[in-house]
Amino acid sequence: MNEYTYPIILGILVGTALRVFMLRTDYRQYPTYLHGKIIHLSLGFIAAALGTIAIPSIMEKEFTAVTFLTLAASQFREVRNMERNTLTEMDSYELVPRGNTYIEGIAVAFESRNYLVIFTSFVVTLCYLALNVWVALGAAVICFLLSGMLMSGSKLSDIVTVEEKSISFDGAGLYVDNIYIMNIGLPERQEEILKYGMGFVLTPKEFSVRSTIANLGQRQAILHDVSVTLGVFRDSGTPALVPLIKRDLNDGRIGVFILPQEKDSKRAKEIIEHVPVLENAIQMPSKKGRRKHS
Amino acid sequence: MKMEKAILASVTTQENKVHGSAAVFKCETKEEMEAVAANLEAILDGIAHALSDQLYIIVKH
């Protein structure tokens, strides 16, 4: 036991607790299993230890010890690769896949959570050693709140309005409102689609949003989330029964056609509104300043 | 090789409308054409698209 023991223990505890706080299994069904959780908790523990140890090493004038943090960075980049590989492997067996953009978003989130843990442990230990344990605990609370804020991105309801619209056939063409979805030839498939299908139209609230919801990865994420939550009326070998999203080129609206197992329009609307806006899909063309013509 | 967007077969009641390398199934009635298209859709894992009342194509997407 020396003067660093308690600060180190506190730093590691707070860091690991933060990782537990950020590890929630939700409707995205990931990570579902105990083993997946153990991997992330262990890595969270390692991250917490690395963040904590940095402070005593600096105080002992062991500056080279900070190079450990670079090791951590490469270690956690590996976490991103691991998540990406696992999810991509699993994706090919999903009836409605997540899509690469969604997977990349999840992988990035897993990597960044470890950095938040390092940062938290670092700050908590620093506060303990430089000031006292109460300040350290206060810093821990602030870090928890900050992480909670940083980890919750925006939802689709922030950028679009969702309305349920009827689906109809014009000849063989399937339409949601007036947006063309696909050509379904067989009358029996058409009947199934009219019976089980549901249509929604997402109208962008502002101009910049158009390219975000037009992103194919974002569209796939909507379809995946709806299909995971409400089930999907399809099987392998029935490619005609596929949920699809198409875009109205005139005004940037998108028409969502889904085939839920459970036809509950209120819930479906809620789920679409809660689909995360993928970081990689966000584009802000209106941020570009207009050039002045002289 | 992964094939994308290929016409796997066409089913028609008017044979003179279709030519080419994909298999052509000639049917007598519209009902027969629909039955054949439904079967082919399941077998070939493609989608039956209607180009007109007399012509269906099975497309791999």
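Residues numbered from 1 in each chain as written. Chains lettered and ligands numbered in written order. Predicted model: local features only at pLDDT ≥ 70, side-chain atom pairs only at ≥ 80, totals over all residues. Heavy atoms only, no water.

Peer 1: Explain the domain arrangement of chain A here, please?
Peer 2: One frequently used descriptor of interface size is the decrease in accessible area upon assembly of the parts. Residues and elements named next belong to chain A. Each domain of chain A was delimited in the assignment, giving domain 1 (5–152) and domain 2 (157–285). With 13 residues of domain 1 at the contact, the number on the domain 2 side is 19 residues. For the pair domain 1 and domain 2, the summed buried area comes to about 1,300 Å², and 64% of that belongs to carbon and sulfur atoms. Here domain 1 is connected to domain 2 by 0 salt bridges. (Domains from an automatic or database assignment. Contact = heavy atoms within 4.5 Å. Buried area = accessible area lost by both parts, 1.4 Å probe. Salt bridge = Lys/Arg side-chain N within 4 Å of Asp/Glu carboxyl O.)

Peer 1: Can you help me understand the packing of aromatic side chains in this one?
Peer 2: Each aromatic ring pair is specified by the distance between its two centres and by the angle formed by the two planes. Residues and elements named next belong to chain A. Per the stated rule, a full pass over the model turns up 4 aromatic pairs over all chains. Ring centres 6.0 Å apart and planes at 85° place the aromatic pair F76 and Y115 in the edge-to-face group. You can see F76 sitting in helix α3 (residues 68–91) and its partner Y115 sitting in helix α4 (residues 100–130), a full 39 residues away along the chain. Given a relative accessible area of 31%, Y115 falls into the partly exposed group. With a centroid separation of 5.5 Å and 70° between ring planes, the pair formed by Y175 and Y180 is classed as edge-to-face. Over the ring of F110 we find R113; its NZ or CZ atom is 5.7 Å from the centre of that ring. (Phe/Tyr/Trp six-rings, centres within 6.5 Å; stacked < 30°, edge-to-face > 60°. Helix = DSSP H or I, 4+ residues; strand = E, 2+ residues; numbered from the N terminus. Buried < 20%, exposed > 50% of the residue type's maximum accessible area, 1.4 Å probe, protein only. Lys NZ or Arg CZ within 6 Å of the ring centre and 35° of its normal.)

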